[in-house]
Amino acid sequence: MTTRLAPPPHELAARILAPVPFAHRMKVGRLVPPVGLTAGDVRSLEELLRHLEPDQRSLPGVGFERTAAWVEDAVGDRDLAVSVRGIAAEAPSYVEGCRRLLELIAERLGQAREVVGGGPTREGGSL
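What counts as what
- Residues numbered from 1 in each chain as written.
- Predicted model: local features only at pLDDT ≥ 70, side-chain atom pairs only at ≥ 80, totals over all residues.
- Heavy atoms only, no water.
- Helix = DSSP H or I, 4+ residues; strand = E, 2+ residues; numbered from the N terminus.
- Buried < 20%, exposed > 50% of the residue type's maximum accessible area, 1.4 Å probe, protein only.
- Contact = heavy atoms within 4.5 Å.
- Areas by Shrake-Rupley, 256 points an atom, 1.4 Å probe, with all protein chains shown as cover.
- Pairing = 2+ DSSP bridges.
- Axes fitted to C-alpha atoms, helices over the stretch in contact; angles between N-to-C directions.
- Phe/Tyr/Trp six-rings, centres within 6.5 Å; stacked < 30°, edge-to-face > 60°.
- Lys NZ or Arg CZ within 6 Å of the ring centre and 35° of its normal.
- Core = buried A, V, L, I, M, F, W, Y, C linked by side-chain atoms within 4.5 Å.
- Expected span 1.5 Å × (residues − 1).
- Arc of directions from axis to C-beta.

Novice: Is there a simple way to think about the overall build of the protein chain in this case?
Specialist: From N to C terminus, the protein chain includes 5 helices and 3 strands. Counted from the first residue to the last, the protein chain has its helices and strands arranged as α-β-β-α-β-α-α-α. Here the protein chain holds 127 residues, and the buried ones make up 39% of them. The contacts of the protein chain with a sequence gap of at least 6 include a subset with a gap of at least 24, amounting to 62%. Summed over all atoms, the accessible surface of the protein chain reaches about 7000 Å², with 55% contributed by carbon and sulfur.

Now the structure itself:
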């Protein structure tokens, strides 16, 4: 995947990698047929990445605008929030939007790890 965002400054990279306070967690869900939507929450971009990972038995439940607002307000990454909003506006389907969001979050975590010296998020730096 081509990098769309400039690497974050060191202070922001550290915030990207850290969990947000419990009070600032983001509510998410999973659509699990035939049960329905099960509620959950995430406190970090790493947890959001795991939530978005493909699962043949369920579909992640995230609101793209709510995710963008959380990234901007709780995590403090305005550039990433703008990109999340772009995905919401351009994705041809919800599933494609989730796939693009997964790739974008993985990319940003990799950038943050490189800035603070922790290496890429995944083997080889990609999914």
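There is more to say after this.
Novice: What exactly am I supposed to notice about the sheet that holds strand 2 (residues 36-42) here?
Specialist: Strand pairing in a sheet is mediated by backbone hydrogen bonds. Such pairs are either parallel or antiparallel. In space, the 3 strands of this open sheet follow the order 2-1-3, with antiparallel pairing throughout. The open sheet has two edge strands, strand 2 and strand 3 (59-61), and neither has a second partner. Averaged over neighbouring strand pairs, the angle between their axes works out to 30° when direction is ignored. Sheet topology note: the strand 1 (residues 26-32)/strand 2 ladder contains 7 bridges and is antiparallel.

Novice: It is not clear to me how the environment of Gln 56 should be interpreted in this structure. Could you clarify?
Specialist: Relative to the elements of secondary structure, Gln 56 occurs in the loop between helix 2 (45-52) and strand 3. Taking the C-alpha atoms as reference, Gln 56 lies 9.9 Å from Val 32; in sequence the two are 24 residues apart.

Novice: Would you mind going over the environment of Leu 101 with me for this structure?
Specialist: With respect to the secondary-structure elements, Leu 101 resides in helix 5 (residues 94-116). Separated by 10 residues in sequence, Leu 101 and Ala 91 have C-alpha atoms that sit 9.8 Å apart.

Novice: I'm lost on the packing of aromatic side chains in this one. Help?
Specialist: Working definition: an aromatic ring pair is given by the centre-to-centre distance plus the angle between the planes. This structure, assessed with the given rule, holds 1 aromatic pair. With centroids separated by 5.6 Å and ring planes inclined at 55°, the aromatic side chains of Phe 64 and Tyr 94 adopt a geometry described as tilted. Within this pair, whereas Phe 64 is found in helix 3 (residues 64-75), its partner Tyr 94 is found in helix 5, the two being separated by 30 residues in sequence. Residue classification places Tyr 94 among the partly exposed residues on the basis of a relative accessible area of 30%. Residue placement shows Arg 25 over the ring face of Phe 22; its charged tip is 3.8 Å from the ring centre.

Novice: Is there a simple way to think about the nonpolar core in this case?
Specialist: Proteins that are soluble and globular tend to have nonpolar side chains buried together. The biggest cluster of nonpolar side chains holds 31 residues, and the ones touching the most others in it are Leu 45, Leu 48, Val 62, Trp 70, Leu 80 and Ile 105. Elements supplying a minimum of two residues to this core: helix 1 (10-17), strand 1, helix 2, helix 3, helix 4 (78-90) and helix 5. Broken down by element, the residue count for this core peaks at 8 residues, all from helix 5. Non-local contacts of Leu 80, meaning those with residues more than four positions away in its chain, are made with Leu 5, Leu 45, Val 71, Leu 104, Ile 105 and Arg 108.

Novice: Explain helix 4 to me, please; I cannot follow it from the model alone.
Specialist: Three- or four-residue spacings in an α-helix give side chains the same orientation, since the helix completes a turn every 3.6 residues. With 13 residues, helix 4 should cover 18 Å at 1.5 Å per step; its first-to-last C-alpha distance of 18 Å lies within 8% of that length. Residues Leu 80, Ala 81, Ser 83, Val 84 and Ile 87 constitute the buried set of helix 4. On an axial view of helix 4, the arc spanned by its buried residues comes to 160°, and they lie on one face. Exposed and facing more than 90 degrees away from the buried side of helix 4 are Arg 78, Ala 89 and Glu 90.

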